[in-house]
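Each chain, written out:
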Amino acid sequence: MAEETKEFTGASFNAYLTEEKRMMGVHCRSCGYMSAEPRPMCRSCHGQDMEWVQFSGKGRLSTFTCISIVTNAMGEKGYGRDNPCCAGIVTLEEGPRISARILGVDGNNPQDIKTEADVVLDLEDLDPEHPSLAFRPS
Ligand SMILES: [Zn+2]
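Because the structure is predicted, anything quoted here is derived from the model rather than measured. The written sequence of each chain sets the order in which its residues are numbered from 1. A pLDDT threshold of at least 70 governs which residues receive local features in this predicted model, and a stricter bar of 80 or more applies before side-chain atom pairs are shown or counted, although totals over entire chains, interfaces and linings include all residues.

What makes a nonpolar core is a set of buried Ala, Val, Leu, Ile, Met, Phe, Trp, Tyr and Cys residues, with links drawn between C-beta atoms within 7 Å. Exposure classification rests on a simple neighbour count of other C-beta atoms within 10 Å of a residue's own: a residue reaching 20 or more is buried, one at 12 or fewer is exposed, and one in between is partly exposed. C-beta atoms are placed from the backbone. In terms of nonpolar packing, the biggest core is built from 15 residues, with Leu61, Cys86, Val90, Ala100, Ile102, Val119 and Phe135 touching the most fellow members. By definition, any uninterrupted DSSP run of H or I lasting at least four residues is a helix, any uninterrupted run of E lasting at least two residues is a strand, and each is numbered from the N terminus. Elements represented by at least two residues in this core include exactly strand S4 (58-67), strand S5 (85-92), strand S6 (97-102), strand S7 (118-121) and strand S8 (134-137). With four residues, S5 is the single largest residue contributor to this core. Leave out the neighbours within four places in its chain, and Ala100 touches Gly88, Val90, Leu133, Ala134 and Phe135. Counting residues in each nonpolar core, the second largest holds five residues, with Phe8, Cys28, Cys42 and Met50 among its members. The contact criterion used is a C-beta to C-beta distance within 7 Å, with each C-beta placed from the backbone.

This part is about the environment of Leu103. Mapped onto the fold, Leu103 is located in the loop between S6 and S7. Between the alpha carbons of Leu103 and Cys86 there is a distance of 7.1 Å; along the sequence they are 17 residues apart. For Leu103, the contacting residues outside a window of four places in its chain are Asp122, Ala134 and Arg136.

What follows is about the pairing of S6. Bridge count for S5 against S6 is five bridges, and the pairing is antiparallel. Bridging from a neighbouring strand, Val90 pairs with Ile98 of S6. Strands are treated as partners if at least two bridges between them are detected by DSSP.

Attention now goes to the sheet that holds strand S2 (residues 34-35). Spatially, the three strands line up as an open sheet ordered S2-S1-S3, and their pairing is antiparallel. In this open sheet, the two edge strands, each paired with only one partner strand, are S2 and strand S3 (50-54). The pairing of strand S1 (residues 24-28) with S3 spans five bridges and is classified as antiparallel. Of the residues in S3, the one forming a bridge with Gly25 is Val53.

An order of S4-S5-S6-S8-S7 is seen for the five strands of this closed barrel, with the pairing classed as mixed. Taking the axes of each pair of neighbouring strands and ignoring which way they run, one obtains an average angle of 50° across the sheet. Here, axes are lines fitted to C-alpha atoms. For helices the fit covers the stretch in contact, and angles between N-to-C directions go from 0 to 180 degrees.

Attention now moves to the domain arrangement of the protein. Much of the literature gives interface size as the accessible area that the parts lose upon coming together. When cut into domains, the protein gives domain 1 (10-54) and domain 2 (58-137). One C-alpha centre belongs to domain 1, the other to domain 2, and the line joining them spans 22 Å. At the interface, nine residues of domain 1 touch 10 residues of domain 2. Of all elements in the fold, only helix H1 (10-20) and S2 reach the threshold of two or more residues within the side of domain 1 that touches domain 2. No other element matches H1, which puts three residues into the side of domain 1 that touches domain 2. For the side of domain 1 that touches domain 2, the class distribution of residues is four nonpolar, four polar and one charged. For every domain, the bounds stem from an assignment made automatically or drawn from a database. Gly is put with the polar residues, along with every residue not named as nonpolar or charged; the nonpolar set is Ala, Val, Leu, Ile, Met, Phe, Trp, Tyr, Cys and Pro, and the charged set is Asp, Glu, Lys and Arg.

Phi angles above zero are rare outside glycine, and Lys21 is one such case at about 55°. Topologically, Lys21 is positioned in the loop between H1 and S1. Positioned with a positive phi, His46 is a non-glycine residue whose angle comes to about 65°. With respect to the helices and strands, the residue His46 is situated in the loop between S2 and S3. Accessibility expressed as a C-beta count within 10 Å gives 10 for His46, which makes it exposed.

Following this line, the structure appears as structure tokens:
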């Protein structure tokens, strides 16, 4: 595989996501730390020997909340008091934890949403202008 040379920034993360449909993160060659929030410096050992890694997009729902007071952008997608949007923390199978929208669940019945459920990255309705991660139960 060709060496990935994009800068370690959120903009690069979004570019991989929207242009290549790949969820990338960074890995520290010095200490092994991995993160889904790209930074040129390792948050663990403060080294700068970082490289891009591709995440599988598989993970587990660690925790979540259902939000009925939403931003205008979310309102335009049909979320709101009658259709709460579910947001969660997903623990990727590679280890890092990230926040993401959780699709394919009923925000009106949060008791039916299971933590520890297997989830998978869903880029179906990714907004190229404002990309945000979304997962759905697998
Ligand atoms: Zn490190």
